[in-house]
Amino acid sequence: MSSSILDTLVSIFTVAIAGAFPNVPFMKAAVNPTSPKQEKFGDYQCNSSMQIAGILKDAGEKIAPRDVAKKIVDNIPSNDLIKESTIAGPGFINVFICQKYMVNRIGELNNVGVQYDKSKSQGRKVVVDYSSPNIAKEMHVGHLRSTIIGDSIANLFEAYGYNVERINHVGDWGTQFGMLIAHLIDLFPDYDKNVPRISDLQKFYKESKKRFDDDEEFKKRAYENVVKLQSHEPAIHKAWQAICEVSRIEFQKVYDRLQIKGLKEVGESFYQDKMNAVVDQLKKRNLLEFDDGRYIMWAPGIEIPLTVVKTGGGYTYDTSDLAALNYRVHDVKGDILIYVTDMGQELHFRQVFAAASKAGFYDAAKTRIEHAGFGVVLGEDKKKFKTRSGETVRLVDLLDEGVKRANEQLLERGRQEELNEQEMKDAADAVAYGCIKYADLKSNRKNDYVFSFDQMLDIRGNTAAYLLYQLTRIRSVNRKVEGKITEEEIKKVAASGAFDLADPREFKLAKTILRFHEILTQAQRDLLIHPICEWMYELSNAFSQFYDKCYIIEKKDGKEEIKVGRLILASATASVMEAAFKILGIKTLHKI
Ligand code: ARG
């Protein structure tokens, strides 16, 4: 099973439509899974008939949608997926999936694990810009969201074989560095020998700002530093590097804990020279307009212009993103560029994409460029997430709190009886970080979201805590048959497809398992992760219902019978659930 049932059905019905109506311009069939309430009418539904009847009517040919449906059904090419197609209502085609097909796919999952269709990704590169905190400033919950969402989007594309570049576009450039450097030189004259021990960068930032506002001489030095930094004067450049290093160490603490790997820092400073070239190009193409001392650029369809060069010659956030986009398309050779930031930057990215397209930096037909925006993080009081005293919450403190609570939960459940000290620690970390990630990912990223430890750790809700426990439960099914059947014997049954899905709960579970690629393909299309979480929860519920009623060992005439198909279903459930956790960036454990 490397591609989705839905995709296969779309292909089958597309062929059927083309065969039935050769005169109708090519169209992709519209197929959807049926909702749980309508499952008795079919597993999937094709509803292209109405549209085709409409097209034919416009062309002067009158045909009822039901008759269209009938013709489509008559033209379905031979396949091993569809058991039956029936016509309902005004012309819906209800599709029942063949049990044998599902048995084979489930068996395959048991024997070879989850496979990904890599036919569309070969040689294609995806650049995901995420996390991207600012040097010398606190990494805040917004950056946490970006890190979690971005990492998961990157994992998703990577699983399907794309060459993924994870870019940390840190804010490491700008005039604020003038004052930070001046303050650093005063406080840590040996900054070029030892990493300055700035324990609180936020405080350091505030102190420099205060001096900058109050002290004229300091302000002058700050301005001079900006010029010196831009002309790469070694001492000043070193001071800048020292400040970046302090921040980097702080960021890394968060990344280590959340297991964020492969994120490459290519900050704003990297585009310094590239911005000159970009501005030259824009000027040459007459795309810049001189406006009251600065250069602006109008992007098609957007009322607010980009500021490309400030009064006095400096560049802006717009300029650096134009240069970054150009670089990612032409030098990195990205086929898909994704930017994960808060929704507050939506206009900025719309401007940058539209301006870059106008300037010919990319061709929208060849390169997919998208802003994956997310809403703000709110506290439980529905106000912006802050500490009680109104400060930005430090991420390390937040993570500590999560681990503390997860540990308390484990103790409450008496897990210390079974887990040793190290296992307890691993479990608390996995539950805490898993819950923080899952809570973020399960809500539609476009909406604001309420950060609540109580909710995210609730083992009865749709949380990572619940799903992680559920996964260990699923994995432990095998223990019931220990010594009674070998792995080899199970594999044989799986390979030959010698089991059925006769119980409706078995059938439902199998069907849910096999939606895996459908859900993941849609997630790639929409850059939305929450449907994956919804599906995981559905899967978990389907498993519970199955497990409650469908016994692994059945007693028949006083004899024990092992239902191998059920073992296989459980293992397939665990495989897809684990694969989904991996994409969400959530670590699973054998013992929890
Ligand atoms: N540093 C920015 C911030 O903290 C995010 C940068 C996002 N990436 C980009 N290419 N603009 O808001």
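Just so you know, these numbers come straight off a predicted model, no measurement behind them. (Residues numbered from 1 in each chain as written. Predicted model: local features only at pLDDT ≥ 70, side-chain atom pairs only at ≥ 80, totals over all residues. Heavy atoms only, no water.)

S.K.: Quick question: what am I supposed to make of the overall build of the protein here?
M.R.: If you tally the helices and strands in the protein, you get 21 helices and 16 strands. Taking the principal axes of its C-alpha atoms as reference, the protein extends roughly 95 × 75 × 40 Å. Within the protein, contacts between residues separated by at least 24 positions form 74% of all contacts whose residues are at least 6 apart in sequence. Of the roughly 27,800 Å² that the protein leaves accessible, carbon and sulfur atoms contribute 49%. In the protein, 84 positive and 83 negative side-chain charges are present, and the distance between their average locations comes to 3 Å. (Helix = DSSP H or I, 4+ residues; strand = E, 2+ residues; numbered from the N terminus. Contact = heavy atoms within 4.5 Å. Areas by Shrake-Rupley, 256 points an atom, 1.4 Å probe, with all protein chains shown as cover. Lys, Arg positive; Asp, Glu negative; His and termini not counted. Charge placed at Lys NZ, Arg CZ, Asp CG, Glu CD.)

S.K.: Would you mind showing me how to read the layout of surface pockets here?
M.R.: Think of a ball as big as a water molecule: rolled over the atoms, this probe shows where empty space is left. Looking at the largest pocket, its volume works out to about 1,200 Å³. Asn134, Trp173, Gln176, Glu268 and Tyr317 are, among the 45 residues lining the largest pocket, the residues nearest its centre. Elements with a minimum of two residues in the lining of the largest pocket: α5 (141-159), α8 (216-230), α10 (272-284), α11 (317-330) and β11 (336-342). Examining the composition of the lining of the largest pocket, we find that 4 residues originate from one element, α5, more than from any other. Looking at the lining of the largest pocket, its residues break down into 14 nonpolar, 24 polar and 7 charged. Estimates place the volume of the second largest pocket at around 650 Å³. (1 Å grid on protein atoms, 1.4 Å probe; cavity = no way out; pocket = protein on both sides within 12 Å on 5 of 7 lines; lining within 4 Å. Points joined across faces, edges and corners; volume = space filled by probe spheres on them. Nonpolar A, V, L, I, M, F, W, Y, C, P; charged D, E, K, R; others polar.)

S.K.: What's the story with the site of the ligand in this structure? I'm lost.
M.R.: Around the ligand lies a shell formed by Asp129, Ser132, Asn134, His143, His169, Tyr317, Asp321, Tyr339, Thr341, Gln345 and Phe349. At a separation of 2.9 Å, a nitrogen atom of the ligand approaches a polar backbone atom of Ser132. In the environment of the ligand, a nitrogen atom lies 2.7 Å from a nitrogen or oxygen atom belonging to the side chain of Asp321. Within the complex, 90% of the 350 Å² of free accessible area of the ligand lies under protein. Cavity membership is defined here by more than half of the atoms lying within 2 Å of grid points; on that basis the ligand lies in the largest pocket. When contributions to the shell around the ligand are tallied by element, the ones reaching two or more residues are α11 and β11. (Near = heavy atom within 4 Å. Polar contact = N/O pair within 3.5 Å; in protein donor to acceptor, adjacent residues only side chain to side chain. Sits in = over half its atoms within 2 Å of the grid points.)

S.K.: Explanation requested: the side chain of Arg515 in the structure shown.
M.R.: Position of Arg515 relative to the elements: it lies in the loop between α18 (504-513) and α19 (516-526). Ignoring anything within four residues of it in the chain, the contact list for Arg515 reads Pro33, Tyr44, Trp535 and Glu538.

S.K.: What exactly am I supposed to notice about the pattern of salt bridges here?
M.R.: For side chains of opposite charge, pairing can occur when their charged atoms come near one another. Applying the stated criterion across every chain, the model contains 44 salt bridges. Of the charged contacts in the structure, one is a salt bridge between Arg105 and Glu108, with a shortest N-O distance of 2.9 Å. With Arg105 and Glu108 both in helix α4 (residues 99-112) and 3 residues apart, the pair spans about one turn of that helix. One connected set of salt bridges, linked through shared partners, spans Glu39, Asp43, Lys508 and Lys511. (Salt bridge = Lys/Arg side-chain N within 4 Å of Asp/Glu carboxyl O.)

S.K.: Please explain the sheet that holds strand β2 (residues 44-46) as it appears in this structure.
M.R.: Whenever strands of a sheet pair, they do so through backbone hydrogen bonds, lying parallel or antiparallel. A sheet is described by the order of its strands in space; here 4 strands give the open sequence β1-β2-β4-β3, paired in antiparallel fashion. Both outer strands of the open sheet, β1 (31-33) and β3 (82-88), are each paired with one neighbouring strand and no more. Strand-to-strand twist in this sheet, taken as the mean axis angle between neighbours without regard to direction, amounts to 25°. Two elements, β3 and strand β4 (residues 92-97), share 6 bridges in a ladder whose sense is antiparallel. (Pairing = 2+ DSSP bridges. Axes fitted to C-alpha atoms, helices over the stretch in contact; angles between N-to-C directions.)

S.K.: Sorry if this is basic, but what is going on with the side chain of Thr14 here?
M.R.: As for its placement among the helices and strands, Thr14 is situated in helix α1 (residues 5-20). One polar contact links the side chain of Thr14 to the main-chain carbonyl oxygen of Val10, over a distance of 2.6 Å.

S.K.: Any chance you could explain the environment of Asn32 here in plain terms?
M.R.: Along the polypeptide, Asn32 turns up in strand β1. Relative accessible area serves as the criterion here: at 40%, Asn32 is assigned to the partly exposed category. When the C-alpha positions of Asn32 and Tyr44 are compared, they lie 5.6 Å apart, and in sequence the two are 12 residues distant. For Asn32, the contacting residues outside a window of four places in its chain are Leu6, Tyr44, Gln45 and Asn47. (Buried < 20%, exposed > 50% of the residue type's maximum accessible area, 1.4 Å probe, protein only.)

S.K.: Before we go on, may I ask you to explain the pairing of strand β12 (residues 368-374) in this structure?
M.R.: Within β12, 5 of the 7 residues are buried, which leaves the element mostly enclosed by the surrounding structure. Note that β11 and β12 share 7 bridges and pair parallel. For Thr341, the partnering residue across the bridge sits in β12 and is Gly373. The β-α-β motif built from β11, the intervening helix α12 (residues 346-358) and the parallel element β12 has right-handed crossover chirality. (Right-handed = clockwise from strand over helix to strand, strands pointing away.)

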